[in-house]
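Observations on the model geometry
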Amino acid sequence: MEVVIAPADQLAVLAAEAIDKLVRATPTAVVGLATGSSPLKVYDELVRRHTEEGLSFAQAKAFMLDEYVGIAEDHPERYRNVIEKEIASRVDFAPGAVQGPDGNAEDLVAACADYERKIVDAGGVDLQILGIGTDGHIAFNEPGSSLASRTRIKTLTAQTREDNARFFGDDLAQVPQHCLTQGLATIMSAKHLVLLASGKGKAEAVHQLVEGPVSAMWPATIMQMHPHATVLVDDAAASRLQLGDYYRQTFLSKPEWQGL
Ligand code: F6R
C-alpha cells in the first residue's frame, strides 16, 4: 500500500494522472467511479484533460460503486444522476458505457447478481477510485461487512446517513436507509485501488485503513491485502498516522518515472 500525503489539489492531479495514463495506454480501460465529495477534484481534472489535452473516454467503460435504494429516478442525489453531472456528461463516454447498480429494480437480489456479471463481462475494473466514510466504509460496506462480500443490499448506518444529510438539505429523514453496493471482494477484484481522503473527520478512518488490524469493523482495512493500493490523503486526514513522516519521506524520494 502506498500512502501519499499532499495538499488536496495535488492529490486530485495524481489520481487523474493515473487514470489519464491508463486510458491513453488502453483506450478500452474500465474505470471504477465513486460518488461523494472526495473524487470531485479528480473529475474536474479529468474534464480539463479531456477538454484541453485530448484525453478521451470514447472506448472506455465505467462502473459505479453504489446506489441508493428507492430514490426517485430524477432525484439530484441519485448516484446515477450525480455521476452523470460530475463526470459522465462532461467527457465523451459512449451512451451506456457508464453503469451502476439498479437501486429501483423490482428484484434487487437479481439486480446485484446482474451487476457483478456486467463487471466481469467487461473484463473487470482496471482502476477504482474510492472515498472513505468516517466509519471506515468503502463504497457502502459499513462496519461489520463481510470481507468476502459481493454486490448486495446494505442498510446505511446512522453515522453515514448523518454524514450524507448535507446532500439532502440537512434533512436526515430524506436520506435513504438502504443502498446497493459493490462488496469488499468486488472492490478487491479491481486491479488498482486509488482512495482519496481529506479533512480531520477522516483521520481516524485513514489511520485504521493504513495502520490498523484488518477487520470487518473498519472495512477499508481489507485494502491492506490488495497488491496495488494507493491512499492519497491531505495533512488533516493524515494527522493520526503513526508513520506519517515515513510516508512523506518515501514519496519525496520516489523516482519520478514510477507513477502511482
Ligand atoms: C460513494 C461511496 C462512499 C463515499 C464515502 C466518502 O460512492 O462509495 O464510500 O466515498 O462515504 O464520502 P465523501 O467523499 O463525500 O466524504
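Quantities reported herein were computed from a predicted structural model and do not represent experimental measurements. Every chain is numbered on its own, with residues counted from 1 as its sequence reads. Local features in this predicted model are restricted to residues of pLDDT 70 or higher, and side-chain atom pairs are both shown and tallied only at a pLDDT of 80 or more, whereas totals for entire chains, interfaces and linings draw on every residue. In computing side-chain values, all of the structure's heavy atoms are included and hydrogens and water are not.

Some remarks on helix 4 (residues 108-121)
So the rule is basically this: By the criteria applied, helices consist of DSSP H or I runs no shorter than four residues and strands consist of E runs no shorter than two, each listed in order from the N terminus. The span expected for a helix works out to 1.5 Å for each residue beyond the first. Three labels apply to residues, based on accessible area from a 1.4 Å probe with only protein chains included: buried if under 20% of the type maximum, exposed if over 50%, partly exposed otherwise in between. By construction, the arc corresponds to the directions joining the helix axis to the C-beta atoms. The contact criterion used is simple: two residues touch if any of their non-hydrogen atoms lie within 4.5 Å. As used in this structure description, the phrase polar contact means that two N or O atoms lie within 3.5 Å; if the pair is within protein, one of them must be able to donate a hydrogen and the other to accept it, and residues adjacent in sequence are counted only when both atoms belong to side chains.
Taking 1.5 Å of rise per residue, 14 residues should cover 20 Å, and helix 4 covers 20 Å from first to last C-alpha, within 8% of that figure. Of all the positions in helix 4, only Leu-108, Ala-111, Cys-112, Tyr-115, Glu-116 and Ile-119 are classed as buried. Viewed end-on, helix 4 has its buried residues packed into an arc of 140 degrees, placing them on one side of the element. For helix 4, the exposed residues lying more than 90 degrees away from the buried face are Val-109, Val-120 and Asp-121. Buried-residue contacts for helix 4 involve strand 3 (61-64), strand 5 (98-99), strand 7 (152-155), strand 8 (178-181) and helix 6 (184-188). Sitting at the head of helix 4, Asp-107 places a side-chain oxygen 3.2 Å from the backbone nitrogen of Val-109. Backbone geometry just after helix 4 places Gly-123 at a positive phi near 95 degrees.

Quick look at the UniProt feature "active site" (unreviewed entry) in the protein chain
The criterion, for reference: UniProt positions are given in the numbering used here, feature names are shortened, and annotations may be inferred rather than shown by experiment.
Under the feature "active site" (unreviewed entry), the UniProt entry names Asp-66, Asp-135, His-137 and Glu-142. Examined against the element boundaries, His-137 turns out to sit in the loop between strand 6 (127-130) and strand 7. What His-137 contacts, discounting residues up to four positions off in sequence, is Gly-131, Ile-132, Glu-142, Thr-160 and Pro-219. Here Asp-135 takes part through its side chain, which lies 2.9 Å from a polar atom of the side chain of His-137. Mapped onto the elements, Glu-142 comes out in the loop between strand 6 and strand 7.

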